[in-house]
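Each chain, written out:
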Amino acid sequence: MTSGFAELLMYVAPEPIRLANERWLERIVERLGATRLSAEDLSLRELWLAPQLLLTQTCGYPLMTALRGQVRVIGRPRYELPDSSAGSHCSVLLTRADEPRRTLPALLGCRAVINGEDSNSGMNLLRHRIAPLQRNGQFFSSVEVSGSHRESLCWLRDGRADLAAIDSVTFAYLARHAPQEVEGLQVVARSAFSPTLPYIGVASLTDAQVEHLREVMNQALSELPDVAETQGLNEVLPATESDYQIILDYQQEAEELGFGRLR
């Protein structure tokens with residue numbers, strides 16, 4: 001029997017989403033006839049690059065930078081949620097509802113918070129959206145790192161930051177299941193769209209193995225309609241690393257405008 005790591009750690013909140021992910025993953029592992037190893041002591045990077053990896057999910061930006069050529073893309077989720085559809089999602093750019101500056105140009109000189117330097121939705125898509133508005137390579141008075149989208153929302157609510165870019169899937173989940181976390185905030189803009197967060201396995205997977213794994217994921221999803229409904233997840237679409245080139249294109253566009261780094 002195959003044994004390995006199987007974790008879906010990109011969307012773990014609110015609790016109904018974590019539980020739905022876990023039920024789906026358990027059914028996938030069962031259908032694969034595999035034994036699931038504990039990944040409790042692994043960092044995300046260690047999990048992504050583990051030789052015993054069966055299945056996990058990563059962000060598109062590290063896929064195309066730190067992980068490029070070292071993992072195999074299995075597919076990408078087709079969420080049907082506000083601002084997420086047909087295998088794509090975006091970032092919603094948020095301020096507090098009482099913020100008098102109602103447009104991005106008006107927010108020149110504001111304080112930004114991002115979830116991480118390697119985040120597509122929190123950093124890369126924000127950089128791309130702001131790049132045409134920057135002046136001499138600058139737009140924000142400060143850019144701080146919170147560590148997570150939920151923590152960035154806390155910074156906004158507490159008045160420690162003025163603007164944050166939040167993954168549209170995360171925002172939809174919180175709005176539906178934990179509305180108190182987005183209460184008092186408003187959407188001032190949206191980013192360009194990019195492919196949803198990819199599911200990955202070890203680089204040595206063959207085409208046939210990738211197709212089988214994706215089929216098992218979709219079969220498990222069809223067997224758990226309540227899980228699919230909770231996740232807003234209709235299916236896992238075929239995908240390859242090349243589908244995520246647009247993420248690096250967005251980076252290049254920002255760099256060409258003189259805004260290669262958020263500042």
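The model shown is predicted, which means the values in this text are computed figures rather than measured ones. (Residues numbered from 1 in each chain as written. Predicted model: local features only at pLDDT ≥ 70, side-chain atom pairs only at ≥ 80, totals over all residues. Heavy atoms only, no water.)

Further remarks concern the sheet that holds strand E8 (residues 111-114). Read from one edge to the other, the open sheet built from 5 strands follows the order E9-E8-E10-E7-E11, with strand pairing classed as mixed. Only two strands of the sheet have a single neighbouring strand rather than two, namely strand E9 (142-145) and strand E11 (185-190). This sheet shows a mean twist of 30 degrees between the axes of neighbouring strands, independent of strand direction. The sheet contact formed by E8 and E9 spans 4 bridges and is parallel. Bridging across to E9, Ile114 finds its partner in Val145. Sheet strands touched by helix H5 (residues 149-158): strand E7 (91-96), E8, E9, strand E10 (163-167) and E11. Its angle to E10, the strand with the most contacts, is close to 150 degrees. (Pairing = 2+ DSSP bridges. Helix = DSSP H or I, 4+ residues; strand = E, 2+ residues; numbered from the N terminus. Axes fitted to C-alpha atoms, helices over the stretch in contact; angles between N-to-C directions. Contact = heavy atoms within 4.5 Å.)

Looking now at the pattern of salt bridges. Note that side chains of opposite charge can pair when their charged atoms are close. Within the structure shown, the criterion is met by 19 salt bridges. A salt bridge links Glu99 to Arg101; its shortest N-O distance comes to 2.7 Å. For Glu99, a relative accessible area of 4% translates into the label buried. In this structure Arg101 comes out as partly exposed when scored by relative accessible area, which is 25%. (Salt bridge = Lys/Arg side-chain N within 4 Å of Asp/Glu carboxyl O. Buried < 20%, exposed > 50% of the residue type's maximum accessible area, 1.4 Å probe, protein only.)

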